[in-house]
Amino acid sequence: MIYNPTFNTLLNFDNWAQTNISDTGLRGAIDDPNNNGVQNLLEFALGLTAPSSGKLSALPRATREGNMLKITHRRAIGVSGITTIYETSNDLSNPNNWTRQTPMSEAIVPIDSDAETVTVEIVVPAGTEKIFARVKVTQE
Ligand SMILES: [Ca+2]
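A brief report on the enclosed structure follows. (Residues numbered from 1 in each chain as written. Predicted model: local features only at pLDDT ≥ 70, side-chain atom pairs only at ≥ 80, totals over all residues.)

**Thoughts on the sheet that holds strand S6 (residues 115–123)**
This is how it is decided: What makes two strands pair is DSSP finding at least two bridges between them. By the criteria applied, helices consist of DSSP H or I runs no shorter than four residues and strands consist of E runs no shorter than two, each listed in order from the N terminus. For helices, the fitted axis covers only the stretch in contact; all axes are lines through C-alpha atoms, and the angles between them, taken along N-to-C directions, range from 0 to 180 degrees.
Overall, antiparallel pairing links the 4 strands, which are arranged S1-S2-S6-S5 in an open sheet. Here the strands that pair on one side only, and so sit at the sheet edges, are strand S1 (61–65) and strand S5 (105–110). Looking at each pair of strands side by side, their axes are set apart by 20 degrees on average, direction ignored. The pairing of S5 with S6 spans 6 bridges and is classified as antiparallel. Directly across from Pro110, in S6, lies its bridge partner Glu116.

**Re helix H1 (residues 13–20)**
Each full turn of the α-helix corresponds to 3.6 residues, which orients residues three or four apart in the same direction. For the record, the criterion: Backbone-placed C-beta atoms define the burial measure: a residue is buried with 20 or more other C-beta atoms within 10 Å of its own, exposed with 12 or fewer, and partly exposed in between. Each direction from the helix axis to a C-beta atom contributes to the arc, which is the arc of those directions. Remark: residues whose backbone-derived C-beta atoms lie within 7 Å of one another are considered to be in contact.
When we look at burial in H1, the residues that qualify are Phe13, Trp16 and Ala17. One side of H1 carries all its buried residues, which in axial view fall inside an arc of 100 degrees. Across from the buried face of H1, at angles greater than 90 degrees, the exposed residues are Gln18 and Thr19. Those residues of H1 that are buried are in contact with helix H2 (40–46), strand S3 (82–89) and strand S7 (132–139).

**Observations concerning the environment of Ser89**
Mapped onto the elements of the fold, Ser89 is located in strand S3. Between the C-alpha atoms of Ser89 and Arg100, which are 11 residues apart in sequence, the distance is 9.2 Å. If we skip the residues at most four places from it in the chain, Ser89 touches Asn97, Trp98, Thr99 and Phe132.

**What to know about the nonpolar core**
Under the convention used in this document: Each nonpolar core comprises buried Ala, Val, Leu, Ile, Met, Phe, Trp, Tyr and Cys residues, the members being joined through C-beta atoms within 7 Å.
In this structure, Phe13, Trp16, Ala17, Leu41, Leu42, Phe44, Ala45, Leu46, Leu48 and Ala58 together form the largest nonpolar core, which totals 10 residues. Mapped onto this core, the elements with two or more residues apiece are H1 and H2. Here the element with the most residues in this core is H2; it accounts for 5 residues. If near-sequence neighbours (up to four positions away) are discounted, Ala45 is found in contact with Arg75, Ala76, Ile82, Thr84 and Val137. In terms of nonpolar packing, the next biggest core, distinct from the first, is built from 7 residues, Leu69, Ile71, Val120 and Ala133 among them.

**Quick look at the sheet that holds S7**
The antiparallel open sheet is built from 3 strands, whose spatial order is S4-S3-S7. In this open sheet, the two strands that pair with only one neighbour each are strand S4 (99–101) and S7. Averaged over neighbouring strand pairs, the angle between their axes works out to 45 degrees when direction is ignored. Here 8 bridges tie S3 to S7, and the two strands are oriented antiparallel to one another. The residue of S7 that forms the bridge with Ile82 is Gln139.

Below, the structure is given as structure tokens:
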């Protein structure tokens, strides 16, 4: 197979929504036309083409090992127009408590031509008892 990057065009959210969502009124970033609890923009970023109910196990998950928080998630390959960041909070009752974190490492494992698995490690400050994490996707 010959790979020619000249013809490799990146997919943006609007094109993805047009291709994957038949109801034109439900193509917004926060819409959830397949009622799986995952908003369109997140499905796009994670490479979960609708209907994606069978791929919910691919949603981000976090594990803590001592002072290290590992976040693992699926990520679409060949997409553009979005920014993905990681945030943590130790108080879910305060919506302004989320803090952007810069991972100290990132490991990528290919899944197929459309997606990869990303695992990032974030340092947990000493003395932290509880910590919550999220993957935040925004449109550029
Ligand atoms: Ca959905």
